[in-house]
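Fold and contact review
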Amino acid sequence: MIGGEALRTIGVDIVAQLACLAAAGSYAFAGIFGRRFRAMGVSPIATAMGQVTASSLMLLPITLMVDQPWKLAMPSEAALGALVGAAALSTAAGYILYFRILSTAGATNLLLVTFLIPISAILLGVFILGETFLLKHAFGMAMIGVGLAAIDGRPWRLLKELLAPRAQIDQPKADGGGI
């Protein structure tokens, strides 16, 4: 996924790329592991709260050692507002929605959304950051669409239904009757 060229030189780029792969793997394991909470009868809100609280407690010592926030200037009101907005909307609401969908649709259906992440990233890059849209991006998006269609199965059922009447017309009569 990250290409052989990235593996030739170990540096900052490879660490970032491996971190992206690790995040994708963690996301997949979270969906499978999160299924267990439904079987245990734990509500999606409690699951989301537990996950956010546990991850915050695990990161707190690292944050205190690396950033040493007591040595930094007090953030502005705008920065604090952005932090609260990101925490409440992007994180808390996102996890509540995630675990609610997980409990109703199941892990497999929930994790299909990961196919849309590259498409979102490319479109945001083009429209927000002014990046160039290349032919390989369109090809990749088309392949994702084909993959989702193959998983869904509706196009195949439609094709089967369209071909089914022809198959019946082309078949000789079973009763052996002629003219």
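The coordinates are above.
Parameters and conventions
Residues numbered from 1 in each chain as written. Predicted model: local features only at pLDDT ≥ 70, side-chain atom pairs only at ≥ 80, totals over all residues. Heavy atoms only, no water. Axes fitted to C-alpha atoms, helices over the stretch in contact; angles between N-to-C directions. Helix = DSSP H or I, 4+ residues; strand = E, 2+ residues; numbered from the N terminus. Parallel < 35°, antiparallel > 145°, perpendicular 65-115°, else oblique. Left-handed = near helix turned anticlockwise from the far one by under 90°. Contact = heavy atoms within 4.5 Å. Expected span 1.5 Å × (residues − 1). Buried < 20%, exposed > 50% of the residue type's maximum accessible area, 1.4 Å probe, protein only. Arc of directions from axis to C-beta. Nonpolar A, V, L, I, M, F, W, Y, C, P; charged D, E, K, R; others polar. Bend = angle between axes of the 7 residues up to and from the residue.

1. A few points about the packing of helix α3 (residues 44–66) against helix α4 (residues 77–105)
Between α3 and α4, the shortest axis-to-axis distance is 8 Å and the interhelical angle comes to 135°. Taken together, the axis directions place α3 and α4 in an arrangement best described as oblique. For α3 against α4, the interelement crossing comes out right-handed. Counting all contacts with α3, which are made through P44, I45, T47, A48, Q51 and V52, the residues of α4 involved are T91, Y95, I96, F99, R100 and S103.

2. Points about helix α7 (residues 135–152)
For α7, with 18 residues, the first-to-last C-alpha span of 26 Å sits near the 26 Å given by 1.5 Å per residue. Regarding α7, the residues found buried are H137, M141 and I144. Down the axis of α7, the buried side of the element spans an arc of 55°, and every buried residue falls inside it. Exposed side of α7, more than 90 degrees from the buried face: L135, K136 and F139 are the residues found there. As for α7, its buried residues are in contact with α6 (116–127).

3. Re the environment of V113
Along the chain, the position of V113 falls in the loop between α5 (107–111) and α6. A sequence separation of 35 residues divides V113 from L148, and the C-alpha atoms of the two residues are 9.8 Å apart.

4. Observations regarding the packing of α6 against α7
Running from N to C, α6 and α7 point in directions that differ by 155°, and their axes come no closer than 10 Å. Judged by the inter-axis angle, α6 sits roughly antiparallel to α7. For the pair α6 and α7, the crossing hand works out as left-handed. Residues L116, P118, I119, I122 and L123 of α6 form the contact with α7, whose participating residues are H137, M141, I144 and L148. Residues of the contact of α6 with α7, tallied by class, amount to 8 nonpolar, 1 polar and no charged.

5. Quick word on α4
The end-to-end C-alpha distance of α4 is 40 Å, a good match for the 42 Å that 29 residues give at a rise of 1.5 Å each. The sharpest bend along α4 comes to roughly 25°, located at G94. Three or more residues of α4 are buried, namely Y98, F99, L102 and S103. G106 sits one or two residues past α4 and shows a positive phi near 95°.

6. Re the environment of R35
You can see R35 is positioned in helix α2 (residues 12–40). A residue is classified by how much of its surface remains accessible, and R35, at 43% relative accessible area, is partly exposed. For the pair R35 and S103, spaced 68 residues apart in the sequence, the C-alpha separation amounts to 7.0 Å. When neighbours within four sequence positions are excluded, R35 is seen to be in contact with L102 and A107.

Bear in mind that shape data such as this cannot, by itself, settle questions of function.
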